[in-house]
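Geometric and topological summary
These are the residues of each chain, in order.
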Amino acid sequence: MSRRRVVVVGAGTAGLCTALSLATHGLEVTVVERSDHPGGKMREVVVGAQRIDSGPTVFTMRWVFDELFEALGERLEDHVALQPLSVLARHAWTDGSQLDLFADEERTADAIGNFAGRSDAEGFRAFSADAKKIFNVLKVPFICAPAASMTSLLRSSGFRDLTAIRPFQTLWKALGGYFSDPRLQQLFGRYATYCGSSPFDAPATLMLVAHVERAGVGRLEGGMYRLASALSGVAARRGVRFRYGIDVSSIICEFGRVAGVRLANGERIEAGNVVVTADVAALAQGLLGYEAARTAAAIPDKARSLSAMTWSCVAASSGFPLLRHSVFFSRDYRSEFDCIFRQHRMPNEPTVYVCAQDRNDEPAAGKSPERLFILANAPAIGERHRFEPAEISQCAKQTFGMLQRCGLTIATTPELTVVTTPTDFNRMFPGTGGALYGRSSHGWMASFQRPGARTKLPGLYLAGGSAHPGPGVPMAALSGRMAAASLIEDLASTASSGKTVMRGGMSMR
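Residues numbered from 1 in each chain as written. Predicted model: local features only at pLDDT ≥ 70, side-chain atom pairs only at ≥ 80, totals over all residues. Heavy atoms only, no water.

So, on to the overall build of the protein chain. Secondary structure summary: the protein chain contains 15 helices and 20 strands in total. Over its C-alpha trace the protein chain gives a radius of gyration of 22 Å, about what one expects of a compact globule, namely 23 Å for 509 residues. For the protein chain, the spread of C-alpha atoms along the principal axes amounts to about 70 × 55 × 45 Å. The buried share of the protein chain, taken over its 509 residues, is 60%. For the protein chain, contacts bridging at least 24 residues in sequence account for 71% of all contacts bridging at least 6. Accessible surface, the protein chain: about 20,000 Å² in total, of which carbon and sulfur atoms supply 50%. Between the averaged position of the 56 positive side-chain charges in the protein chain and that of its 47 negative side-chain charges there is a distance of 5 Å. (Helix = DSSP H or I, 4+ residues; strand = E, 2+ residues; numbered from the N terminus. Rg over C-alpha atoms; globule rule 2.2 N^0.38 Å. Buried < 20%, exposed > 50% of the residue type's maximum accessible area, 1.4 Å probe, protein only. Contact = heavy atoms within 4.5 Å. Areas by Shrake-Rupley, 256 points an atom, 1.4 Å probe, with all protein chains shown as cover. Lys, Arg positive; Asp, Glu negative; His and termini not counted. Charge placed at Lys NZ, Arg CZ, Asp CG, Glu CD.)

Listed below in structure tokens is the structure:
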């Protein structure tokens, strides 16, 4: 059995980036995916004759993909068409107020000044500077390192920089130091949900998400799923073999290391190395075999991240000037997260995100009926709670009622609407309960509890949104590249006749 033969479990962003990186180094790669297409959580739903992005909808951290394609000797722009958005998102409240955030910092500061006053505009400038500082402190020693380590972070940044990232203060409390208007605390507190977390429990470190977003939000022509199509197409042309529509039932181990995988149909694929991009919760629960389960720590139910209730629909909208990205805030944010994380139920009045996929950053760009993706945060209870039609109907009533209180009416029809519940997400991503971001980022130690690329089992590597450095399309891409780099490094170390190969991170700009 050749150590240069690799099986990648999962064809999501992490799996595709892993496979690409390995194939570029001459390894023989097979990707096994339980779905009948690539993408993972970066999925699209067909409604009528329309295709609707029904997973990630925001393209950020372009440099991650520029580096990936440059390493292949290619260019990102030759595979996907990217349009930068000048308006990051439109935000609305039930009192009728609205606020747009812009890619241009000063334009946003002016908008906040008109919205909440000069003091909060200055608070935004200070917030932006601190968010940038946090990102810069964490980029090389944490975000782009192959594993999370407090020791390496201290060694690289020092205690002063470590305290500057504010790991011991909650995001919500920190925001109170920048903004007196509670609507702004709510708006910027929402960045915790990008990691599947509550702003009342997540560390202020997540302020860095604001910097990432302001550094550039893009719209991919044809939708985010075009990125998955591009990655899988390039991988196939470079010799990666894809096996769709079949599960991996177990990871085979022989003589204390990985020897391949066994498929649900009983077929065995021999391989010297396996990269698992499924949620680490599935690994820990033994869904890929006993030996593999010993390499992963279980995620307690209380530590799960958010799930979601979503509606992918083609519908007419009226009464509100939608942009491509619009957010409608509930009146009691703390109660909303208490319902989800402590009472494990849907909130009575959710905050709602709407992605109007036929629009850019001008309201007039839309059409009616139009493609809409509507999302409300939900508890990750999908393995033990079945969302029956009556409950789904009640959730729809609460969600669309919330939108109406903010001035937006959406006229959906059953035949042009696809609903996805935490139960559905748990079926698509087993072992998660429907959690979409792995472990929540609650508490200052949570980020250090995500596993790195290497495991205790020789030949087994991890990647994906539930592993380090965390959830989101660019982070999953980074994790895939890290897993590939670790595997290649270990192969070189094994072949070096006793020479030591230093384990490092990735080159960054």
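For the rest of this paragraph, the subject is helix H13 (residues 389-405). End to end, H13 covers 24 Å across 17 residues, agreeing with the expected 24 Å (1.5 Å per residue, within 8%). The complete set of buried residues in H13 reads Ile392, Cys395, Ala396, Gln398, Thr399, Phe400, Gly401, Met402 and Leu403. Contact partners of the buried residues in H13: strand E14 (307-318), strand E15 (325-328), strand E16 (352-356), strand E17 (370-378), strand E18 (409-411) and strand E19 (417-420). Count one or two residues on from H13 and you reach Gly407, which has phi positive near 105 degrees. (Expected span 1.5 Å × (residues − 1).)

Attention shifts here to the pairing of strand E3 (residues 44-47). For E3 and strand E4 (residues 50-53), the ladder comprises 4 bridges, and the chain directions are antiparallel. Bridged to Val47 within E4 is Gln50. (Pairing = 2+ DSSP bridges.)

Once that is clear, we can look at the pattern of salt bridges. In this structure the tally under the stated criterion is 34 salt bridges. Two residues, Arg268 and Glu270, come together in a salt bridge whose shortest N-O distance is 3.9 Å. When its relative accessible area of 37% is taken as the criterion, Glu270 is described as partly exposed. A salt bridge links Arg304 to Asp301; the shortest N-O distance between them is 3.5 Å. Residue Asp301 is classed as partly exposed on the basis of its relative accessible area, which comes to 42%. (Salt bridge = Lys/Arg side-chain N within 4 Å of Asp/Glu carboxyl O.)

In this section: the side chain of Asp53. Along the chain, the position of Asp53 falls in strand E4. Although Asp53 is buried, it makes no salt bridge; Arg324 carries the closest opposite charge, 5.1 Å away. Polar side-chain contacts of Asp53 include one of 2.4 Å to the backbone nitrogen of Met224. Leaving out residues up to four positions away in the same chain, Asp53 has contacts with Arg43, Glu44, Gly223, Met224, Tyr225, Gln357 and Phe373. (Polar contact = N/O pair within 3.5 Å; in protein donor to acceptor, adjacent residues only side chain to side chain.)

Attention now moves to the sheet that holds strand E10 (residues 248-254). As summarised here, the arrangement of the 3 strands in space is E10-E11-E12, forming an open sheet in which the pairing is antiparallel. Taken across any chain shown, the strands that pair with only one partner, and hence form the sheet edges, are E10 and strand E12 (268-270). In this sheet, neighbouring strand axes are inclined to one another by 30 degrees on average, regardless of whether the strands run parallel or antiparallel. In terms of strand pairing, E10 meets strand E11 (residues 257-263) through 6 bridges, oriented antiparallel. Its bridge partner lying in E11, Val248 is registered against Leu263. (Axes fitted to C-alpha atoms, helices over the stretch in contact; angles between N-to-C directions.)

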